[in-house]
Every structure is written in structure tokens, then in C-alpha cells.
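# Fold and contact review
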Amino acid sequence: MTEFLHVLTDHWSLFGKGFGNTVKLFLIAAVGSLLLGVLLGAFRVSPIPALRWFGATYVNIVRNTPLTLVFAFLVFAVPKLDVDFEYFTAAFVALTVYTAAFICEVVRAGVNTVPPGQAEAARALGLTFAQVLTQVVLPQALRSMVPPLMSVLIAMLKNTTVAAGFSVLEAGAIPAYMAEFGEPQFYVLLWIAIGFLVLITPLVLLQRFLERKLAVAR
Amino acid sequence: MTGEALIVLENVNKWFGPLHVLQDVDLSVARGEVVVVIGPSGSGKSTLCRAINRLEPIDSGSITFDGRKLPAEGRALARLRSEVGMVFQSFNLFAHKTILQNVMLGPVKVRGEKPAAARERAMSLLERVGIASQADKFPAQLSGGQQQRVAIARALAMQPKALLFDEPTSALDPEMVGEVLDVMTSLAKDGMTMVVVTHEMGFARHAAHRVVFMADGQLVEQASPAEFFANPKSDRAKDFLSKILTH
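Cut-offs applied
- Residues numbered from 1 in each chain as written.
- Chains lettered and ligands numbered in written order.
- Predicted model: local features only at pLDDT ≥ 70, side-chain atom pairs only at ≥ 80, totals over all residues.
- Heavy atoms only, no water.
- Helix = DSSP H or I, 4+ residues; strand = E, 2+ residues; numbered from the N terminus.
- Buried < 20%, exposed > 50% of the residue type's maximum accessible area, 1.4 Å probe, protein only.
- Areas by Shrake-Rupley, 256 points an atom, 1.4 Å probe, with all protein chains shown as cover.
- Lys, Arg positive; Asp, Glu negative; His and termini not counted.
- Charge placed at Lys NZ, Arg CZ, Asp CG, Glu CD.
- UniProt positions renumbered as here; feature names shortened; annotations may be inferred.
- Contact = heavy atoms within 4.5 Å.
- Buried area = accessible area lost by both parts, 1.4 Å probe.
- Salt bridge = Lys/Arg side-chain N within 4 Å of Asp/Glu carboxyl O.
- Polar contact = N/O pair within 3.5 Å; in protein donor to acceptor, adjacent residues only side chain to side chain.
- Nonpolar A, V, L, I, M, F, W, Y, C, P; charged D, E, K, R; others polar.
- Core = buried A, V, L, I, M, F, W, Y, C linked by side-chain atoms within 4.5 Å.
- Phe/Tyr/Trp six-rings, centres within 6.5 Å; stacked < 30°, edge-to-face > 60°.
- Pairing = 2+ DSSP bridges.

What follows is about the overall build of chain A. In terms of helices and strands, chain A carries nine helices and zero strands. When the backbone C-alpha atoms are referred to their principal axes, chain A occupies close to 70 × 50 × 20 Å. Looking at chain A as a whole, 46% of its 218 residues are labelled buried. As displayed, chain A offers around 11000 Å² of accessible surface, 69% of which is attributable to carbon and sulfur atoms. Averaged over its 14 positive side-chain charges, chain A has a centre that lies 19 Å from the centre of its 11 negative ones.

Now the structure itself:
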């Protein structure tokens, strides 16, 4: 047991730095992918065929590409175009681009749960497409979007570990460092799993809170 | 009614796939006129009503509102829709907003009115339709008749030039039909231009200036209510009236 605890206490700074970067990567990519995902979702339900086509094509390409390939593309291929990315920036962009495709589908599914009469009434009042979405449809879609949205965000939090393979020091990179220090891998992995549990718990609580809050609001 | 035409449909055609739901429809509605559209279900009367504010785009022909052709999707269309109120069969009140917020949304978001002024007018409209005491409730807490009266107040809040009613009482329990028709009758008396798709023959008789009979996507005949109900000219209309008036 003491050995198990020492794995953490002896390498506090490494764990701190690793998980710190994980949280940072997660938060930035969460904001980025929510913004991009909602925008793409709006494209997919818009009255303009070209935007719908773009949204659908984006989802079909990005959602069907393994995340590691998206990372590899940004880390190895994009710099060939003379765009200089920090590894951390590349990881943020890769996670955002990838996760937005899933969020787009959650948004579209949510919009489809709102009876079409709601949007029709809003259009008949003279609201523009953007107002119809933000004032009438999305607030009502949010309720059914919360559980799948949280699943996507939780998956994204764990997906941050892919960045370890592309030279970003985050939680997923800790085992490699610890192996060099000769620490027992099993304990290291256990601590990392515990770390992720601790990080994900607030997301689960947030989901419960939002579900309760949106349930009363009607 | 001899006023200038506010709504003009010329040669309007609309297909749903192979189904020709509007066939060369011509209709002109004067300012201040109340036109009631009746006909068997599937005759295209709802589609006609929804085409006037382009909730249903047409395939050919032209629709003019207040001297302007209906614009394609975009800001110009939104502006035109804000001048044409619409009341739906299923009320379509915004489920996540209170009664008062439902009535205020258009004036505040579309017209950019100050919330205080919009609230004042919304309350007086709710007063007019007899729902002021329920202003802070959500739509689901109201009866169907009350919801439909709120929907009328919501349409009126935009100070529209015309109101479209798409079977406004068809989803109501019988005892609630009267309260909605009362509001509509008082609007008609006040000179509101109205196109009303309905099965309420009583309303057509006493509130309409003109009855339009549709069948199979065609505008079969139109006449004053007295003339139409006493003396229908076409066989289709005679047949329709004999079926609904014998019970």
C-alpha cells in the first residue's frame, strides 16, 4: 500500500503537470468543439443547400476518420504547408475538429426532437433563421441534447490521451516517464484511472444539474 | 368590400411529388376583407393558406402581398412574414416561454421594441383575449382554447396587416370552439384582413365577407356567405354542403 501511495507522492509534479495539461487541453477543446459543433449543426438544419451539404460532408469525413489519423495529419502533414504548429496547438485543433463532428450530430438530433410547428410559428412571426434557432429551437432541444452531449465530452476528455503519442505531456504520457523511473506500471495506471474518474465526476454532476434544471423550465 | 387588394394570388401551382395540390389558383383579398376558405380535407386549403406567407413555397405563379411579390428565403421574407400574422391548428406556442414571453418575443426580437413597451402592449392584448391573469404560466398549463387565444394575441402583437388562420378550431374540444371564434369575430368586426381556413360554417355565415370553396386543389367557387350557403352553383359544393349540413 505504501508503495502504491509513493508512486503518486514521489512524482507529484509529474502527475500535476500531466493532468494539468489534460484539463487545459480538455477545457480549450471543449469550448472549441462546442462552438464549431453547434455551428455545423446549424449548417445541417439550415435552409441553404450548400451549407447542409458542407455540414454533412464534414461529419461523414471527420467522424469516420480515426482520431490518431487526425492527429497525425495535423502534426506531420500540416507543417509541410509551412504552417508552424506547437504540439499542444496541434492537439487542441485535432480534438476540436474531431469532436465537433460528434457534437454536430447531437445538435441535429436535438433539433429534430423539437416539433416542427415551433420553428414554423417562429418563422411566421418574422424571426430570422439564426433567431429561430437561438430563441426557439435550441433552448427546447437542449433538454434532449444534455445526456449525449456529456457522453461526447467525456469521450473527448479521455481522447486527450492520444496527444501523448504526439509529444504532448498530458496524463496519457505519464506511464512512459514513470517507466524510466522504474515505477511499477500497474500502480501508475491505477493512479491515472483514478485521476480520470476524479476529472469526469464533475461532468456527471453537471449533467444531472442541467437535466434537472431544464426539466422544470417548462 | 371594394378596397384595394392586399393579397393577390395569380396562377399559383404547387405539387407534393406527383400530387397537384394547388391548380392554377387565382385569389384576391381586399384590405379589411374576411375570406373564409372551406372544402373537403385534402382539397389544398391549408396549403393555400400557408403559401401566403411562404411557409409552403409554390412551384409556379405569383403571390403578391401589399404590392410586393413574396421574396425568397432571407431577411426580406422574414420582414414580410412579420406583417402577416398566422394562427395554427396546433397553436404552436413556444413551449419553453411563458404566455407573456410568447406574446413579447416577436415585437422585441423582430421589431427591436423596448421590452417595457412590448410588455405593456402584450398585456393589453392578453386582456383583450381574456388571458391576462395567466400571463406568467407556461403554454402546457393552459387549455386548448386559452392557448389558441394566446396564439391570436401573439400574432396581433406584431400589428400585422393581415391574419391567416389555418383551421384554428379543429384541434379544440367542442366547448372551447366558441371562445376562439368570439375573438376572431371581434377582429373581423374591427376591420382586420383575414383569411380563415375552417370547418366552422357558423363563423363563415356570420363573419365572412366572402366564402371560397376549394376541392381537389382547385378554387371551385366563391360567393358571399348568404349566396353560397343558399345557392351553391357547383355540384362539388352542393355535395359538400349536403354532407355537412344534414346533421
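The discussion continues.
Another point: the UniProt feature "domain: ABC transporter" (unreviewed entry) in chain B. Mapped onto this numbering, the UniProt entry gives "domain: ABC transporter" (unreviewed entry) at residues 7–241 of chain B. Its end C-alpha atoms 27 Å apart, residues 7–241 of chain B is made of 38% helix and 26% strand.

Each side of the interface is counted separately: chain B has 24 residues, and chain A has 18 residues. Three residues, Phe94(B), His96(B) and Lys109(B), lead the burial of chain B against chain A; their summed loss comes to 27% of the area buried on that side. Taken together, chain B and chain A are joined by one salt bridge. Of the charged contacts in the structure, one is a salt bridge between Arg50(B) and Glu120(A), with a shortest N-O distance of 2.6 Å. Between the two partners, chain B and chain A, sit seven residue pairs in polar contact (both at pLDDT 80 or more). Looking at the side of chain B that touches chain A, the elements with two or more residues in it are α2 (75–81), β6 (84–87) and α3 (99–110) of chain B. At four residues, α3(B) tops the list of elements feeding residues into the side of chain B that touches chain A. Looking at the side of chain B that touches chain A residue by residue, the classes come out as 12 nonpolar, five polar and seven charged.

Turning next to the nonpolar core. Counting residues in hydrophobic clusters, the biggest one holds 101 residues, and the most contacted among them are Ile174(A) and Ile7(B). The greatest single-element share of this core, amounting to 14 residues, is contributed by helix α7 (residues 129–159) of chain A. Each residue touching Ile174(A), except ones within four places of it in the same chain, is listed here: Leu14(A), Phe15(A), Gly18(A), Phe19(A), Val188(A) and Ile192(A). Judged by nonpolar contacts, the second largest core, of 54 residues, contains Ala118(B), Leu126(B), Leu142(B) and Val196(B).

Before going further, it helps to spend a moment on the packing of aromatic side chains. Each aromatic ring pair is described using two quantities: the centre-to-centre distance and the angle formed by the ring planes. Residue and element names in this part refer to chain A. Enumeration according to the criterion identifies 12 aromatic pairs over all chains in this entry. Pairing Phe-54 with Tyr-58 gives two aromatic rings, centres 6.5 Å apart and planes at 40°, and the pair type is tilted. Here Phe-54 pairs with Tyr-58, and both are found in helix α3 (residues 49–63), just four residues apart, close to one helical turn. Residue Tyr-58 is classed as buried on the basis of its relative accessible area of 16%. Taken together, a centroid distance of 5.9 Å and an interplanar angle of 50° make the contact between Phe-76 and Phe-166 tilted.

Once that is clear, we can look at the sheet that holds strand β2 (residues 19–30) of chain B. Strand pairing in a sheet is mediated by backbone hydrogen bonds. Such pairs are either parallel or antiparallel. Residue and element names in this part refer to chain B. Taken together, four strands build an open sheet; the order of strands is β2-β1-β4-β5 and the sheet is antiparallel. The open sheet has two edge strands, β2 and β5 (68–69), and neither has a second partner. Where strand β1 (residues 5–16) meets β2, eight bridges bridge the pair, whose relative direction is antiparallel. In the sheet register, Phe-16 faces β2, and the bridge partner there is Leu-19.

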